[in-house]
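# Secondary and tertiary structure notes
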Amino acid sequence: MTASRTRALRLPVAALACSVVLLSGCSGSGSGSSGREEGSTTQAAAPAADSDLQSDYQKVIRDVLPSVVQIQAGGDLGSGVVYDDKGHIVTNAHVVGDGKAFKVTTANSENELTATLVYSYPEQDLAVIKLDKVPDGLKAAAFGDSAKVEVGQIVLAMGSPLGLSSSVTQGIVSATGRTVSEGRSGGGTGATIANMVQTSAAINPGNSGGALVDLDGQVIGIPTLAATDPNFGDSAAPGIGFAIPASMVKTVADQIIEDGKVTDSGRAALGITARTVVDDSFQAAGVAVVEVKSGGAADKAGIEAGDVITRLGGTGITTITSLSEALAADRPGQKTSVTFTRGGTSKSVDVTLGEQ
């Protein structure tokens, strides 16, 4: 166990109000011999099935865990995934923080390696670092196709939770296509990230930047956030974690490695600086435009400083977060409408979205 702090982000889930229904299993007990035979057959087959699944788990762990590393950034710990045989490692931007130099430990060695920052992209909470010296036998992970990820898939989360390097937890993909906004407290980047993979695999402090892996041994996401329940002192909400999809990881990492930065974010933007405003009841009521970027999407559409945006396309806008989440679902070059108030009058204009 290490004395270093572990990095992980917690996402409040107060807005996700949902009822829990407990379902008890129902079984019919027939008196015929066929029912007893089917029961005995199932019981006999279960150990073999369990053994097969266990073998699958163990094979995936043997194949992928050597590609998952522990990253020490100052006094903080996180995880990373070996991206290629040249020593590039992909992780979360909130793991590297403001650091430029890092210590890296691989799964099969206690020796500390050194690495330097290539580029951090907080807008997507991703970063790439590079080992100063590539050790023999360094193995890059295989990244899967996010479009093929399905709810119900068994997945394993690999990383260094609570400083316990090379740890593995298991769960399923519990949802796809989630749009999640990080806070800035606790080292978060404030990013709004679309198409995240939701998983029941435990994601604890230190798992950030590690690997969410399917049973084919492919990385389908980078664990980034764990939900918290503010009703219980912001303690972790069990079984609700989020991972950045592999497709976005590859898109960002490839650009960073090739160009030293992100040149095509694929993230839509209005080209404004803005803030949340409240109504007379102190309830969030829209987003006030503070500054308009010259030549940006809002500028071309005639939106001005002082306008209060209340709708983007068909989505109502009450806060900066809701605007970010609405934009995360769109693409640069896409045409949409923006509804806003100016001097007490509601207006609507067509906008061609720019790029963040």
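Within every chain, residues take consecutive numbers counted from 1 along the sequence as written. The predicted origin of the model limits local features to residues at a pLDDT of at least 70 and limits the giving and counting of side-chain atom pairs to 80 or more, whereas totals for whole chains, interfaces and linings rest on all residues. Heavy atoms from the whole structure form the basis of all side-chain values; hydrogens and water molecules are not counted.

### Some points on the overall build of the protein
Put simply, the rule reads: Comment: elements are numbered from the N terminus, with helices defined as DSSP H or I runs of at least four residues and strands as E runs of at least two. In this scheme, a residue with accessible area under 20% of its type's maximum is buried, one over 50% is exposed, and one in between is partly exposed, where area comes from a 1.4 Å probe on protein chains only. A contact between two residues is defined here by any heavy atoms of the two lying within 4.5 Å. The method behind every accessible area is Shrake-Rupley, applied with a 1.4 Å probe, and residues are considered shielded solely by the protein chains displayed.
A count of helical and extended segments in the protein gives five helices and 23 strands. Across the 356 residues in the protein, those meeting the buried criterion constitute 42%. In the protein, the proportion of contacts linking residues at least 24 apart, taken out of those at least 6 apart, comes to 61%. With the model as given, the accessible surface of the protein reaches about 17800 Å², and the carbon-plus-sulfur share is 48%.

### As for the pairing of strand β21 (residues 335-342)
Here is the rule we go by: Strand pairing is assigned whenever DSSP detects at least two bridges linking the two strands.
In this structure, strand β19 (residues 308-312) lies alongside β21, joined through four bridges in antiparallel fashion. Within β21, the residue paired with arginine 311 across the bridge is threonine 339. Alignment of β21 against strand β22 (residues 345-352), held across eight bridges, turns out to be antiparallel. If you follow phenylalanine 340 over to β22, its bridge partner there is lysine 347. In this structure, the hairpin formed by β21 and β22 is closed by a connection of two residues, where glycine 343 is found at a positive phi of approximately 60°.

### Comments concerning the nonpolar core
The test is simple: Here, the term nonpolar core denotes a set of buried Ala, Val, Leu, Ile, Met, Phe, Trp, Tyr and Cys residues that are joined through side-chain atoms within 4.5 Å.
Residues Val81, Val90, Phe143 and Met158 are the most contacted members of the largest nonpolar core, which totals 34 residues. Contributing elements (two or more residues each) for this core: α1 (33-64), β8 (126-131), β10 (154-159), β12 (192-199), β13 (211-214), β14 (218-229), β15 (235-245) and α3 (246-259). Among the elements that make up this core, the one with the highest residue count is α3 (six residues). Once residues lying within four places of it in the same chain are set aside, the contact partners of methionine 158 are Val60, Ile61, Val64, Leu65, Val68, Ser167, Val168, Asn207, Gly210, Ala211 and Val213. In terms of nonpolar packing, the next biggest core, distinct from the first, is built from 19 residues, Ala268, Val287, Val338 and Val351 among them.

### Remarks on the pairing of strand β6 (residues 101-105)
Bridging between strand β3 (residues 68-73) and β6 involves three bridges; their strand directions are antiparallel. Residue pairing in the sheet places isoleucine 71 in a bridge with valine 104 of β6. Examined bridge by bridge, β6 and strand β7 (residues 113-121) share four bridges and lie antiparallel to one another. Bridging from a neighbouring strand, alanine 101 pairs with threonine 116 of β7.

### Observations regarding helix α5 (residues 320-328)
Definition in use: To be clear, the arc concerns the directions from the helix axis to the C-beta atoms.
Buried within α5 we find Ser322, Leu323, Ala326 and Leu327. For α5, the angular spread of the buried residues around the axis is 135°, confining them to a single face. Those residues of α5 that are buried are in contact with β16 (268-269), β17 (272-278), β18 (284-292), β19 and β20 (315-316).

### Topic: the confidence of the model for the protein
The cut-off we apply is this: Residue-level confidence of the predictor is summarised by pLDDT, bounded by 0 at the bottom and 100 at the top.
Model confidence for the protein is summarised by a mean pLDDT of 84, while 83% of its residues fall at 70 or above. Mean pLDDT across the elements of the protein ranges from a minimum in strand β1 (residues 5-6), with 48, to a maximum in strand β5 (residues 88-91), with 98. This model gives residues 1-5 a pLDDT under 50, and the stretch forms ten contacts once residues within four places in sequence are excluded. Predicted confidence for residues 12-44 stays below pLDDT 50, and this span has eight contacts to residues more than four positions away or in other chains.

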